[in-house]
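Residue strings, one per chain:
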Amino acid sequence: MPVRSNNFADLACESLSRRGFLTATAALPALSLMTSEAQAAPAGFKAVAENRLDTVVVPEGYAWQPLISWGDPLFEGMAPLDLTKRGAPFAFTRAEQENRFGTHNDMLALFPANWAYPWPEGTVTRAIMCVNHEAVSPFMAAPGSDGQPIDMRVEALDALYACMGVSVFDVAHDPASGAWSVVKGPAVGVDRNRRVTPYSEVVFDGSAANHPWIAKAGAVVNEVEGARSGAPKVKGAIKAGTFQNCAGGFTPWGTYLTAEENFNNQFFTSDKASPALAEAQADAAFAVDQSIYRYDNVWRLGGPAQFDLSRNPHGPSLYGWIVEIDPYDPDWRPHKHTALGRKCNECATTVLSKTNKAVVYTGDDSNNQFVYKFVSRDKFDPTNRIANRELLSHGTLYAARLEADGTGRWIALTAAAANRAARGPGDLPFADDGDVMVRCREAALRLGATKMDRPEDVESPTDGSFRGTGTVFVMCTGNLSDSGRAGNVANPRRKTLAGDGLERNYQGHIVRFEEARQDPAALTFTWDIFAVAGDPSAEVAPVTNLEGQVVNASSWLNGKPTTTGDRFAMPDNITFDHRKFCWITTDGTPETFPCNDGVYVLPMVGKGPRPVKRFLTVPIGAECCGPLLAWDQKTFFCGVQHVGAENTKGQNFRGEPGGPYSNFPNGGWPRDSVIFVRRQDGGTVGT
């Protein structure tokens with residue numbers, strides 16, 4: 001989830017007419033600098049300085065603590081961790097990892113201990129937390145012995161996959177001290193604590209639930225896993241679980257949405273001449289799908305049989321979905337909602353429309369991919385929580401098209417529309433709407449959606465009842481592909497320092513939509529560039545990045561600064577506080593500036609360039625993700641992911657004898673963690 005370049009104009013939870021939106025000039029939308037608004041004011045804390053320290057750094061008057069770290073048990077009676085030993089701090093087996101907190105913690109969500117609508121606000125003493133586990137670092141999670149960099153045993157590879165997925169657990173809060181703690185479950189299968197891993201049972205629904213690729217792949221998975229633990233306990237379930245869980249979201253009815261992102265990374269091919277693979281490749285649509293996602297296990301190690309394309313060539317069709325988990329009901333199998341489309345999903349932000357329909361925004365986190373919106377067929381019923389779990393099974397999926405004049409529209413992705421559209425030499429017809437959901441990227445491209453610079457988090461501020469304000473923020477990480485070098489109107493490019501061309505998008509940017517009539521279900525919108533990440537000091541700001549390239553890292557746009565204050569790069573996730581400030585996490589700032597990744601706070605409203613303040617930095621080699629504010633705004637949570645995986649020169653750890661490049665958080669082997677931050681006087685964070 002890397003991100004680059006942020007220029008922030010005014011971010012408003014207000015109508016487009018009040019913001020005085022300016023249409024495009026010179027090929028880019030101009031910044032909206034309202035004369036009726038006061039100058040944007042900075043947040044109230046003292047900013048953290050740039051640093052490359054191996055710890056979390058917070059402002060003066062604040063303190064941080066770890067809440068949970070990789071390997072921590074979710075249940076009573078489990079063996080304690082040995083944090084003094086080199087390598088995995090516990091017996092690294094699949095069974096062990098399936099009951100402990102996973103790695104690469106990303107999206108975080110808090111749920112009331114007892115659901116009610118609207119959700120309670122203010123201080124609580126108990127809650128449920130859900131955490132995504134996006135990936136795993138094999139050299140840190142399964143270090144070898146006898147001089148070997150990695151443990152290649154089958155048992156170790158099985159366990160690596162079990163590090164991914166989702167953790168669900170109860171948490172306790174002491175308002176007097178401000179402390180938060182994990183409440184362990186009494187035993188596995190008792191109460192709400194649990195892991196959802198790539199081996200768990202899931203149910204597919206929506207128009208693609210019976211797609212032939214899914215049916216074939218599901219049969220292979222159930223055969224492989226059935227030999228280990230028996231047939232699925234729920235009729236129609238597939239033991240495909242979930243993995244590569246990046247960002248996500250939560251719903252008004254109290255369920256957790258986890259987004260499967262780079263699922264293509266986890267498949268491998270042991271025999272490229274296998275009959276099963278050859279038969280699958282005879283299907284032209286399958287061959288196109290392979291070329292789009294380029295399935296290849298990044299570890300080059302192999303793994304469980306169900307992820308071997310030689311045996312299960314259609315296995316990737318089981319992933320790339322939005323998965324719904326009910327934290328209150330462990331017996332309800334996670335549902336993969338095919339109506340939301342298959343892609344490298346980054347998020348799943350749910351808001352309610354003016355007519356009470358559920359609207360879910362998602363981004364496809366890859367170069368030159370698209371922003372999506374799902375609108376449910378049926379309406380949210382605040383009196384029937386269980387019935388609402390069907391809302392994401394039926395509806396319409398749209399992709400965004402942004403025009404040069406600052407307007408935009410949502411394009412419905414249907415088989416009828418895609419098959420009517422002009423087709424190029426390699427374009428294939430779609431069998432039905434379910435086929436469109438499986439081949440979502442092809443449909444969006446054919447129907448004219450706008451290619452974006454890695455659209456990651458897509459978030460919309462809401463009121464206290466999940467009502468969307470109509471304002472939507474799209475976090476664009478950046479784009480280093482040659483095919484995206486020129487950019488487009490929604491993805492601006494800086495001029496090279498020599499003035500002889502355009503750079504790739506090294507720092508990223510943020511785009512803002514305003515839905516028509518402030519209704520999230522609208523089919524049209526207006527848009528502008530909310531921010532371009534980078535250095536606000538000058539329109540030409542030379543920086544030597546980690547690759548040794550001298551690039552223009554300015555955060556200016558159209559001759560005007562979009563930010564003031566602290567520089568940063570690669571914005572990833574965003575959330576909002578009650579005072580209308582944005583809290584942005586980064587993943588890749590050290591690639592441009594000599595500073596660890598962290599959290600940056602800037603105002604949503606007001607005219608002029610946004611004053612940016614660095615609130616927090618994470619240790620060396622880690623990205624910061626999953627920003628979350630407690631309901632009373634007195635605690636800030638975030639994830640510290642792949643800690644120790646890179647040194648200050650950007651070199652990846654690959655099992656070198658000296659060990660990883662960090663000893664966070666306990667002074668020993670590095671462990672990805674969720675942390676929480678409080679003001680020492682107990683006040684509102686950010687003030």
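Please read all numbers here as calculations on a predicted model, not as lab measurements. (Residues numbered from 1 in each chain as written. Predicted model: local features only at pLDDT ≥ 70, side-chain atom pairs only at ≥ 80, totals over all residues. Heavy atoms only, no water.)

## Digging into the overall build of the chain
Note the threshold: Secondary structure counts use DSSP, requiring at least four H or I residues in a row for a helix and at least two E residues in a row for a strand, with both numbered from the N terminus. Only protein chains enter the area calculation, which uses a 1.4 Å probe; residues under 20% of their type maximum are buried, those over 50% are exposed, and those in between are partly exposed. Any two residues having at least one pair of non-hydrogen atoms within 4.5 Å are treated as being in contact. For every accessible area listed, the method is Shrake-Rupley and the probe measures 1.4 Å; residues are considered covered only by the protein chains on display.
Within the chain one finds ten helices and 37 strands. For the chain, the spread of C-alpha atoms along the principal axes amounts to about 70 × 60 × 55 Å. The buried share of the chain, taken over its 687 residues, is 65%. For the chain, the proportion of contacts with a sequence separation of at least 24, taken over those separated by at least 6, is 70%. Within the structure as shown, the chain displays about 23200 Å² of accessible surface, and the carbon and sulfur contribution to it stands at 51%.

## Observations regarding the side chain of D365
Quick note on the threshold: A 3.5 Å cut-off defines polar contacts: any pair of N or O atoms within that distance qualifies, except that in protein one atom must be a possible hydrogen donor and the other a possible acceptor, and neighbouring residues in sequence count only when both atoms are side-chain atoms.
With respect to the helices and strands, the residue D365 is situated in the loop between strand 16 (357-363) and strand 17 (367-369). Of the polar contacts made by the side chain of D365, one reaches the side chain of R454; its length is 2.8 Å.

## A closer look at the packing of aromatic side chains
As a reminder, the rule being used: Under the pairing criterion, centres of Phe, Tyr and Trp rings, with the six-membered ring standing for Trp, must be within 6.5 Å; the plane angle then separates stacked pairs below 30 degrees from edge-to-face pairs above 60, leaving the rest tilted.
If you walk through the whole model with that rule in mind, you get 44 aromatic pairs. Seen in terms of ring centroids, W119 and F466 are 5.3 Å apart; in terms of plane orientation they differ by 65°. Their pairing is edge-to-face. Of this pair, W119 sits in the loop between strand 5 (105-112) and strand 6 (126-133) while F466 is found in the loop between strand 22 (455-459) and strand 23 (471-476), placing the two residues 347 residues apart along the sequence. Among the residues examined, W119 registers a relative accessible area of 8% and is labelled buried. Relative accessible area serves as the criterion here: at 8%, F466 is assigned to the buried category. Look at W180 and F637: their rings are 5.1 Å apart centre to centre, the planes differ by 80°, and that puts the pair in the edge-to-face class. Remark: F637 occurs in strand 36 (residues 636-641) and W180 occurs in strand 8 (residues 180-183); sequence separation between them is 457 residues. F637 carries the same exposure label as W180, and that label is buried.

## A closer look at the pattern of salt bridges
Heads up, the condition is: By definition here, a salt bridge exists when the distance from a side-chain nitrogen of Lys or Arg to a carboxyl oxygen of Asp or Glu is within 4 Å.
One pass over the full model with this rule turns up 35 salt bridges. A salt bridge links R567 to E50; the nearest nitrogen and oxygen atoms lie 2.7 Å apart. Residue R567 is found in the loop between strand 30 (563-565) and strand 31 (571-576), and its partner E50 is found in the loop between strand 3 (28-29) and strand 4 (62-69); the two are separated by 517 residues along the sequence. Here D151 makes a salt bridge to R153, at a shortest N to O gap of 2.8 Å. On the basis of relative accessibility, which here comes to 17%, the residue D151 falls in the buried class. Bridged by salt links that share partners, the residues E50, D535, D566, R567 and R614 form one connected network.

## Remarks on helix 7 (residues 284-293)
Along helix 7, the residues classified as buried are A285, F286, V288, D289, Q290 and Y293. Residues of helix 7 that are buried sit in contact with helix 5 (212-229), helix 6 (275-281) and helix 10 (440-446). Looking at where helix 7 begins, the residue whose side-chain oxygen comes 3.0 Å from the main-chain nitrogen of A285 is D283. Just downstream of helix 7 lies R294, where phi reads positive at about 50°.

## Points about the nonpolar core
So the rule is basically this: Definition of nonpolar core: a set of buried residues of the types Ala, Val, Leu, Ile, Met, Phe, Trp, Tyr and Cys, connected through side-chain atoms within 4.5 Å.
Of all hydrophobic cores here, the largest spans 118 residues; its most connected members are F92, M129, L413 and F637. Ranked by residue count, the leading element in this core is helix 4 (residues 154-162), at six residues. If we ignore the near neighbours within four places in the chain, the residues touching L413 are Y372, L397, Y398, A399, V436, M437, C440, A443, A444 and L447. Counting residues in hydrophobic clusters, the runner-up holds 25 residues, among them L402, A490, V511 and L557.

## Digging into the sheet that holds strand 4
Test applied: The criterion for strand pairing is that DSSP finds at least two bridges linking the strands in question. With axes taken as lines fitted to C-alpha atoms, and helix axes fitted only over the stretch in contact, angles between N-to-C directions fall between 0 and 180 degrees.
Strand order in the open sheet formed by four strands is 4-37-36-35, with antiparallel pairing between adjacent strands. The open sheet has two edge strands, strand 4 and strand 35 (623-629), and neither has a second partner. The mean angle between the axes of side-by-side strands here comes to 25°, regardless of whether they run parallel or antiparallel. Judged from the five bridges that link them, strand 35 and strand 36 form a sheet pairing that is antiparallel. Directly across from L628, in strand 36, lies its bridge partner F637.

## Things to note about the environment of W583
Relative to the assigned elements, W583 resides in strand 32 (residues 581-586). Among the residues examined, W583 registers a relative accessible area of 0% and is labelled buried. As a C-alpha pair, W583 and E279 span 304 residues in sequence and 49 Å in three-dimensional space. Looking at W583, its side chain comes within polar contact range of the side chain of D577, at 2.9 Å.

## Things to note about the confidence of the model for the chain
Caution is warranted with low-pLDDT regions, since their predicted coordinates should not be read in detail. Which entries qualify depends on this criterion: Known as pLDDT, the predictor's confidence for each residue is given on a scale from 0 to 100.
The predicted model of the chain has a mean per-residue pLDDT of 92, with 95% of residues at 70 or higher. Segment residues 1-36 is flagged for pLDDT under 50; beyond a separation of four residues in sequence, or across chains, it makes 178 contacts in the model.

## A few points about the sheet that holds strand 31
Taken in spatial order, the five strands of this open sheet run 30-34-33-32-31, and their pairing is mixed. On the outer flanks of this sheet lie strand 30 and strand 31, each paired with one strand and no other. The mean angle between the axes of side-by-side strands here comes to 35°, regardless of whether they run parallel or antiparallel.

## Let's talk about the pairing of strand 13 (residues 322-325)
The side-chain alternation of strand 13 yields two buried faces, one formed by I322 and E324 and the other by V323 and I325. Where strand 12 (residues 256-260) lies against strand 13, four bridges are found, and the strand directions are antiparallel. Opposite T258, over in strand 13, you have V323 as the bridge partner. Inspection of the sheet shows strand 13 paired to strand 14 (residues 335-337) by three bridges, in the antiparallel sense. Across the sheet, E324 pairs through a bridge with H335, a residue of strand 14.

## Observations concerning the pairing of strand 18 (residues 371-379)
Pairing of strand 16 with strand 18, which is carried by six bridges, proceeds in the antiparallel orientation. Its bridge partner lying in strand 18, G363 is registered against V371. As paired strands, strand 18 and strand 19 (residues 395-402) are joined by five bridges and run antiparallel to one another. By the bridge assignment, Y372 is partnered in strand 19 with A399.

## A word on unusual backbone geometry
Looking along the chain, the bond that leaves Y117 and enters P118 is cis, with omega of -5°. Secondary-structure assignment places P118 in the loop between strand 5 and strand 6.

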